[in-house]
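# Residue-level structural notes
The lines below spell out each chain.
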Amino acid sequence: ETGVTQTPRHLVMGMTNKKSLKCEQHLGHNAMYWYKQSAKKPLELMFVYSLEERVENNSVPSRFSPECPNSSHLFLHLHTLQPEDSALYLCASSQDGGTGVQDGYTFGSGTRLTVV
Amino acid sequence: AQSVTQLDSQVPVFEEAPVELRCNYSSSVSVYLFWYVQYPNQGLQLLLKYLSGSTLVKGINGFEAEFNKSQTSFHLRKPSVHISDTAEYFCAVRRGSTLGRLYFGRGTQLTVWP
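From a predicted model like this one, the values you see are computed outputs, not experimental measurements. (Residues numbered from 1 in each chain as written. Chains lettered and ligands numbered in written order. Predicted model: local features only at pLDDT ≥ 70, side-chain atom pairs only at ≥ 80, totals over all residues. Heavy atoms only, no water.)

## Section: the interface of chain B and chain A
Contact residues are listed per partner, giving 20 residues for chain B and 26 residues for chain A. Both sides of the chain B and chain A interface together cover about 1,900 Å² of buried area, and 49% of this is carbon and sulfur. Looking only at chain B, the three residues that lose the most surface to chain A are Asn 41, Arg 94 and Arg 101 of chain B, adding up to 31% of its buried area. At the junction of chain B and chain A, the tally comes to 0 salt bridges. Run the count over chain B and chain A and you get 5 residue pairs in polar contact (both at pLDDT 80 or more). Of all the elements in the fold, those that place two or more residues in the side of chain B that touches chain A are strand E5 (31–38), strand E6 (44–50), strand E10 (87–95) and strand E11 (102–104) of chain B. With 4 residues, the single largest contributor to the side of chain B that touches chain A is E5 of chain B. (Contact = heavy atoms within 4.5 Å. Buried area = accessible area lost by both parts, 1.4 Å probe. Salt bridge = Lys/Arg side-chain N within 4 Å of Asp/Glu carboxyl O. Polar contact = N/O pair within 3.5 Å; in protein donor to acceptor, adjacent residues only side chain to side chain. Helix = DSSP H or I, 4+ residues; strand = E, 2+ residues; numbered from the N terminus.)

## Some details on the nonpolar core
In terms of nonpolar packing, the biggest core is built from 27 residues, with Leu 33, Trp 35, Leu 47, Leu 48, Phe 74, Leu 76 and Tyr 89 of chain B touching the most fellow members. When residues of this core are traced back to their parent elements, those giving at least two are strand E2 (10–14), strand E3 (19–21), E5, E6, strand E8 (64–68), strand E9 (73–78), E10 and strand E12 (108–113) of chain B. Aside from chain neighbours lying at most four places away, what touches Leu 48 of chain B is Leu 33, Phe 34, Trp 35, Val 57, Lys 58, Gly 59, Phe 63, Glu 64, Ala 65, Phe 74 and Leu 76 of chain B. Among the nonpolar cores identified, the runner-up in size contains 22 residues, and Met 32, Trp 34, Phe 64 and Tyr 89 of chain A belong to it. (Core = buried A, V, L, I, M, F, W, Y, C linked by side-chain atoms within 4.5 Å. Buried < 20%, exposed > 50% of the residue type's maximum accessible area, 1.4 Å probe, protein only.)

## Regarding unusual backbone geometry
Excluding glycine, residues mostly have negative phi values, and the peptide bonds linking residues are mostly trans. Cis geometry is found at the peptide bond from Thr 7 of chain A to Pro 8 of chain A, where omega equals -10°. Of note, Pro 8 of chain A is situated in the loop between strand E1 (4–7) and strand E2 (10–13). Positive phi outside glycine occurs at Glu 16 of chain B, with the angle close to 75°. Inspection of the secondary structure puts Glu 16 of chain B in the loop between E2 and E3.

## Comments concerning the pattern of salt bridges
Residue and element names in this part refer to chain B. Within this structure, the stated rule accounts for 6 salt bridges over all chains. A salt bridge links Arg 77 to Glu 66; the nearest nitrogen and oxygen atoms lie 3.2 Å apart. Within this pair, whereas Arg 77 is found in strand E9, its partner Glu 66 is found in strand E8, the two being separated by 11 residues in sequence. In this structure, a network of salt bridges that share partners links the residues Glu 20, Glu 66 and Arg 77.

## Side note on the pairing of strand E3 (residues 18–25) of chain A
Residue and element names in this part refer to chain A. By the bridge criterion, 4 bridges tie E1 to E3 in an arrangement that is antiparallel. Of the residues in E3, the one forming a bridge with Val 4 is Gln 25. Looking at chain direction, E3 and strand E8 (residues 73–79) are connected through 7 bridges and run antiparallel. The partner of Glu 24 across the bridge, within E8, is His 73. (Pairing = 2+ DSSP bridges.)

## A short note on the packing of aromatic side chains
Per the counting criterion, the structure on display carries 13 aromatic pairs over all chains. Aromatic pair Tyr 35 of chain A and Phe 104 of chain B: ring centres 5.9 Å apart, planes at 90°, arrangement edge-to-face. Of this pair, Tyr 35 of chain A sits in strand E4 (residues 31–37) while Phe 104 of chain B sits in strand E11, on two different chains. Grouping residues by exposure puts Tyr 35 of chain A and Phe 104 of chain B together as buried. Relative to Phe 74 of chain B, the ring of Tyr 50 of chain B has its centre 6.5 Å away and its plane inclined at 55°; by these criteria the two rings are tilted. Of the two residues, Tyr 50 of chain B sits in strand E6 while Phe 74 of chain B sits in strand E9, which places them 24 residues apart along the sequence. Pairwise contacts between aromatic rings join Tyr 35 and Phe 107 of chain A together with Phe 34, Tyr 36, Phe 90 and Phe 104 of chain B into one cluster. (Phe/Tyr/Trp six-rings, centres within 6.5 Å; stacked < 30°, edge-to-face > 60°.)

## Points about the layout of surface pockets
Estimates place the volume of the largest pocket at around 620 Å³. Lining the largest pocket are 25 residues, with Gln 37, Ala 39 and Lys 40 of chain A together with Glu 88 and Gln 109 of chain B positioned closest to its centre. By residue number, the principal contributor to the lining of the largest pocket is E10 of chain B, which donates 3 residues. Residues belonging to the lining of the largest pocket are distributed by class as follows: 8 nonpolar, 12 polar and 5 charged. Computed from the structure, the second largest pocket encloses a volume of approximately 240 Å³. Surrounding the second largest pocket, 14 residues form its lining, Leu 43 and Leu 45 of chain A together with Leu 102, Tyr 103 and Phe 104 of chain B being those nearest its centre. Where the lining of the second largest pocket is concerned, the elements lending two or more residues are strand E1 (3–5) and E11 of chain B. Grouping the amino acids of the lining of the second largest pocket by side-chain chemistry returns 8 nonpolar, 3 polar and 3 charged. (1 Å grid on protein atoms, 1.4 Å probe; cavity = no way out; pocket = protein on both sides within 12 Å on 5 of 7 lines; lining within 4 Å. Points joined across faces, edges and corners; volume = space filled by probe spheres on them. Nonpolar A, V, L, I, M, F, W, Y, C, P; charged D, E, K, R; others polar.)

Geometry only, nothing functional implied.
Structure below.
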C-alpha cells in the first residue's frame, strides 16, 4: 500500500461506546496529524506528532485520546463522544526538516464519524 | 504565525467557463504555497505548489496558480472548468524553514453547473 491509509472509512457509535480510528502512512514521514472537519467549518488541527512525540494539542476535549506507537501509525481513541463530535476525521503525514518542508502534507481519505 | 484568507466561500460557475479562486496570505518570511482539492467524503489531494522560480505554476487537472509577492496572493485559475471539478479547494502556506507548519484557508466550494 502507498500513501496514507485510514480505517474505518465510516463509523457510527453511541455516546457510551469506545472506538478507535487508525491511520497508517507508508511514506517514511516523521510527523503525523489529526484534523477534524465539520460541515460549514474550517479544518481544525487537533493533534500533531513529530518523531512520535506529541508536540501540539489544540484544546481538544479529553474524550479524544491520540496515540502514536511508532512513526508509521497514529490512533485516535474515542470515548463518551457527543453528537457534535460527528465529523470527518482526517489523518495526514509530512516530512519535517530538510527539503521535506517543500512538500505539503499527504492526507488519508478520512473516517466519517457519526455519533448517535 | 501565518494566516490564509480565501475570499470566496462559494464560487458557482457554468461548465466550460473560466474560474479564479482567490487566496491571500500574510507572512513576513518566505513561504511555500499550496492548493489542495477535496472531493466529497475524501481527503485533501495536492493540486499544485509554489516553491520558488517562475511565479506561474501548473498543477493537475488543468489548474494553474500565480504567485504575486507584492500582493501576497496565490490565486488558482482554470480556463475551462468541467462538472468533475466540483469540489472544495483549500489554499495553504508553509514557512520555508524546518518544522514549518501548514496553515490552511477556510476553503472555497467550487460548483460547476451544466
